[in-house]
Amino acid sequence: MPDRSCSKLLRALLPLLAAAGCDGCPSSRPYTPYTLGSATPSGSPPPLSGVGPGAETAGPEADAGAPDAAAPRFAVVPSVPAPEGGKQWPLEGGAVAAAPTGRTFETGLLLDVDGDGARDLVAWARSPDGLRGELLLAPAARPQALRTLTALPGDLDAQGCTPRVGLSQIGPSALAFDFAPQCGGAHRGAAGAGATRWIAVIRLPGPAAGAGAPPELALELRLRAPPAEEALSASLEVADRDADGRDDLIVSVGIEGALRPFPAAAGAASGVRAPLVFLDRPAGLSRDAAQPGEALRALAASLLRDARGKSTAPAVAASAQRLRRFHAALCADAASGAGATAGRDATRAGEALVWTGAGPVRCGEPGLAAAIDHAEAVAASTRGAPLAAIAALDRGGAEARTKEDGKLLAKLAPPATAAAVYRTAAAPQPTRTGAFGPLAFEASGALLVRTAQGVVRVDPATSAESATDIPPWPAAVHAGPAELVAVERRCDAPTLLALFRSSPDAVGEMEVPLPLLRGQGPRARPGAAAPERCAGTERLPFVPLAASERGFDIALGAALLSIDLRAAAPASSALSFPLTTPAPQGAARSPDGATLAVPAAGGLLVATAGGAARLWTGNDLAQATACAPANGGARVACVAGAAAVIFEAK
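This structure is a prediction, so every number in the text was calculated from the model and none was measured.

Draft legend 1. Broad picture of the overall build of the chain. Across its full length, the chain holds nine helices and 39 strands. Per-residue burial for the chain yields a buried fraction of 52% across its 650 residues. The long-range share in the chain, meaning contacts at least 24 apart out of those at least 6 apart in sequence, stands at 56%. For the chain, the exposed area adds up to about 27000 Å²; of that, 55% sits on carbon and sulfur atoms.

Structure (structure tokens):
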């Protein structure tokens, strides 16, 4: 028989994870959540949550007929503003606590901390700018003997920002202090430069500790500010997870919103949450290693279930991106599936946004990224988008591909062995990666080779090469006066970026976020493993597919993307295959635009509208670049060394 209190805890804590099961939550002890994301401006207490002590459980969370349906709950007790001026705080019996020199009390709680029957003061004392301070204890018996429970770390200082603080008693033996600098305008970047939000959980001594035992800092949590389009939140909940009679702490971390240019989701789908669980032990709080990995696995499993349904598959791609983003924001060992970075540097390397006093959060889920990719690939296959499915399967590289992934890839793009049928004497003009290539087929099947001297035609029947008066097409990728320069992966940006110049004489480059997270997209060196940590700037290989006054169409592996320059703020989006834009000479497309040939999945992906995609491989093809297909995709020409080579697949 299932534990009903466990079910109730899951419904209240993680509605998204109802199917995940619950290990180690047999306790029927109630809890009340305190949402740190709702901290109010300085000087105002945070909103109440829960019901009064001793009141009967009621409301939608109550489970009718559960053993603890009438159990009392602890009500969150918010702090109150300091008396006017903040220099002194009257205590019971006429005693007065004085703020330290250079500090003023801002908010505080009166409660019996040391068990002597008199209410002591726990208060936040701040500097004049509000960006430095200490959480102090003034015992009722000796209010002049102030004790510092914890001090704001100096590296959280954010000049020009307005702090928002919250102090509450969240359980019989736990206090929570939340310090969040609010930085807007010119100071928005300063807030995002480090872990700016600081949350401290103070554990109060219990009766077993003896009279006079001091409170202690039990947990420190930092939440680094995400980009403006996102919101990172945390809520604290007290519950006896392991039924040992001691209150454990659950920190539910969530992220909402969507990075530009990902589409924003509506309703419950807009956010993702998972818990960090800290078990109360005599030596202090000890993190439960099962979470948040268990919750993340359940979310990935839910994606896969949706991926197999015709009605639910269309929403999986957006949900998969949100889960990838959440994984990277929460887990320091999530970056590109690579090893974790150490210490506080992990939160400053542009990866994880969450850090505890023990260091960055390590989720220990090395297969999660592959599971998300697989779910997205299955969903794309279900909705009839084979190239999108192949792009998803190719994100982690061949080394991360499972046996199921391999079977799906072989079904979507059956392998074909490519053989060279002709090598030209004409030498193609060298071009950089990301430019229009020197090869283009004509509708007749003839191959055009752009050389340093002009354009040479290769006859499809006789393979005879002859000079033409066809003007050489440009290598640069232009949309009107704008030129596409590069695609970059940068440590300070959560998505890949396309760089372009607005005109030939423009100073500097403009950037457009692409709908691919930093860990997605090909590596600068194909086949290279992802580095253990982000390092500098990496320019990625991409293939131009079209350019017009509207903007650019490009391929990053099998991911097809459009960059629209018509609006005041350039935007990007995913493209569906087949493309509707005309195919310029030198693009990785056939003359009729219906076939494309792009490096992907360890080979050359050749796909034709209305036909099956195939994955061409072969020794001669392995080092080939700047490929262009003929109409129908039976032939592909690539640059190999100092010649153009025409390939056919067996």
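Draft legend 2. Local environment of helix α8 (residues 403-412). What α8 keeps buried is the set Asp405, Leu408, Leu409 and Leu412. For α8, the angular spread of buried residues about the axis comes to 100°, placing them on one side. Within α8, the exposed residues directed more than 90 degrees away from the buried face are Lys403, Lys407 and Lys411. Tucked inside the fold, the buried residues of α8 contact α6 (368-382) and α7 (386-393).

Draft legend 3. Representation of the side chain of Thr150. With respect to the element layout, Thr150 can be found in strand β9 (residues 147-151). On the accessibility criterion, Thr150 (8% relative accessible area) is buried.

Draft legend 4. How the structure looks around the state of the cysteines. Tallied over the entire structure, the rule returns two disulfides. In this model Cys627 forms its disulfide with Cys638; the gap between the sulfur atoms is 2.1 Å. Across the S-S bond of Cys627 and Cys638 the torsion is about 110°, and the bridge reads as right-handed. Pair noted here: Cys627 is in strand β37 (residues 625-629) and Cys638 is in strand β38 (residues 635-640), with a separation of 11 residues, a long-range link.

Draft legend 5. Molecular detail of the pairing of strand β23 (residues 455-458). Sheet topology places strand β22 (residues 447-450) next to β23; four bridges connect them, and they run antiparallel. Bridge pairing in β23 places Val449 opposite Val456. Following β22, the chain reverses through four residues before pairing antiparallel with β23; Gly454 in that reversal takes a positive phi of roughly 155°. Following β23, the chain reverses through six residues before pairing antiparallel with strand β24 (residues 465-467); Ser463 in that reversal takes a positive phi of roughly 65°.

Draft legend 6. Up close: the sheet that holds β23. Strand order in this open sheet of four strands is β21-β22-β23-β24, and the pairing throughout is antiparallel. In this open sheet, the two strands that pair with only one neighbour each are β21 (439-441) and β24. Averaged over all pairs of adjacent strands, the angle between strand axes in this sheet comes to 25°, irrespective of strand direction.

Draft legend 7. Examining the packing of aromatic side chains more closely. Tallying each qualifying case throughout the model produces four aromatic pairs. Both rings, one in Trp124 and one in Phe179, keep their centres 6.1 Å apart while their planes meet at 55°; by these two values the pair is tilted. With a gap of 55 residues between them, Trp124 in strand β7 (residues 120-126) and Phe179 in strand β11 (residues 174-182) connect regions that are remote in the sequence. Both residues of the pair, Trp124 and Phe179, count as buried. Summarising the aromatic geometry, the rings of Phe177 and Trp198 are spaced 6.2 Å apart at their centres and angled 70° between planes, so their arrangement reads as edge-to-face. Of this pair, Phe177 sits in strand β11 while Trp198 sits in strand β12 (residues 197-203), placing them 21 residues apart in sequence. Trp198 matches Phe177 in its accessibility class, with the two residues each being buried. Following the ring pairs from residue to residue traces out a cluster consisting of Trp124, Phe177, Phe179 and Trp198.

Draft legend 8. Representation of the layout of surface pockets in the model. The space that makes up the second largest pocket amounts to roughly 770 Å³. Residue lining of the second largest pocket: 40 residues in total, with Ala317, Glu376, Arg383, Arg395 and Ala574 positioned closest to the centre. Counting only elements with at least two residues in the lining of the second largest pocket, the list comes to β15 (248-257), α4 (316-330), α6, α7, β28 (510-517), β32 (559-564) and β33 (571-574). By residue number, the principal contributor to the lining of the second largest pocket is α4, which donates five residues. Looking at the lining of the second largest pocket, its residues break down into 26 nonpolar, seven polar and seven charged.

Draft legend 9. Broad picture of the nonpolar core. In terms of nonpolar packing, the biggest core is built from 94 residues, with Leu249, Val251, Leu296, Phe552, Leu556, Ile563 and Leu605 touching the most fellow members. With seven residues, the top contributor of residues to this core is α6. Beyond its immediate stretch of four places on either side in the chain, Leu296 contacts Ala274, Leu323, Phe326, His327, Cys331, Cys363 and Leu368. Core analysis: the next-biggest nonpolar cluster, separate from the first, contains 20 residues, Leu156, Leu167, Leu175 and Ile202 among them.

Draft legend 10. Spatial organisation of the sheet that holds strand β35 (residues 603-608). The mixed open sheet is built from seven strands, whose spatial order is β34-β35-β36-β20-β39-β38-β37. The two strands at the open ends of the sheet, each matched to only one other strand, are β34 (595-600) and β37. Going from strand to strand, the sheet's axes swing by 35° on average, the running direction of each strand aside. For β35 and strand β36 (residues 614-617), the ladder comprises three bridges, and the chain directions are antiparallel. Directly across from Leu605, in β36, lies its bridge partner Leu615.

Draft legend 11. Seen up close, the confidence of the model for the chain. Mean pLDDT over the chain works out to 83, with 80% of the residues at or above the 70 mark. Note on residues 336-350: pLDDT under 50 across the span, and 40 contacts to partners over four residues away in sequence or across chains.

Draft legend 12. Inspection of the environment of Leu605 at higher detail. Among the secondary structure elements, Leu605 is positioned in strand β35. For the pair Leu605 and Ile390, spaced 215 residues apart in sequence, the C-alpha separation works out to 9.3 Å. In this structure, Leu605 is in contact with Leu387, Ile390, Ala413, Ala558, Leu596, Ala597, Val598, Ala600, Ala613, Arg614 and Leu615, ignoring residues within four places of it in sequence.

Reading the values: rules and limits
- Residues numbered from 1 in each chain as written.
- Predicted model: local features only at pLDDT ≥ 70, side-chain atom pairs only at ≥ 80, totals over all residues.
- Heavy atoms only, no water.
- Helix = DSSP H or I, 4+ residues; strand = E, 2+ residues; numbered from the N terminus.
- Buried < 20%, exposed > 50% of the residue type's maximum accessible area, 1.4 Å probe, protein only.
- Contact = heavy atoms within 4.5 Å.
- Areas by Shrake-Rupley, 256 points an atom, 1.4 Å probe, with all protein chains shown as cover.
- Arc of directions from axis to C-beta.
- Disulfide = S-S within 2.5 Å.
- Pairing = 2+ DSSP bridges.
- Axes fitted to C-alpha atoms, helices over the stretch in contact; angles between N-to-C directions.
- Phe/Tyr/Trp six-rings, centres within 6.5 Å; stacked < 30°, edge-to-face > 60°.
- 1 Å grid on protein atoms, 1.4 Å probe; cavity = no way out; pocket = protein on both sides within 12 Å on 5 of 7 lines; lining within 4 Å.
- Points joined across faces, edges and corners; volume = space filled by probe spheres on them.
- Nonpolar A, V, L, I, M, F, W, Y, C, P; charged D, E, K, R; others polar.
- Core = buried A, V, L, I, M, F, W, Y, C linked by side-chain atoms within 4.5 Å.
- pLDDT = per-residue confidence, 0-100.

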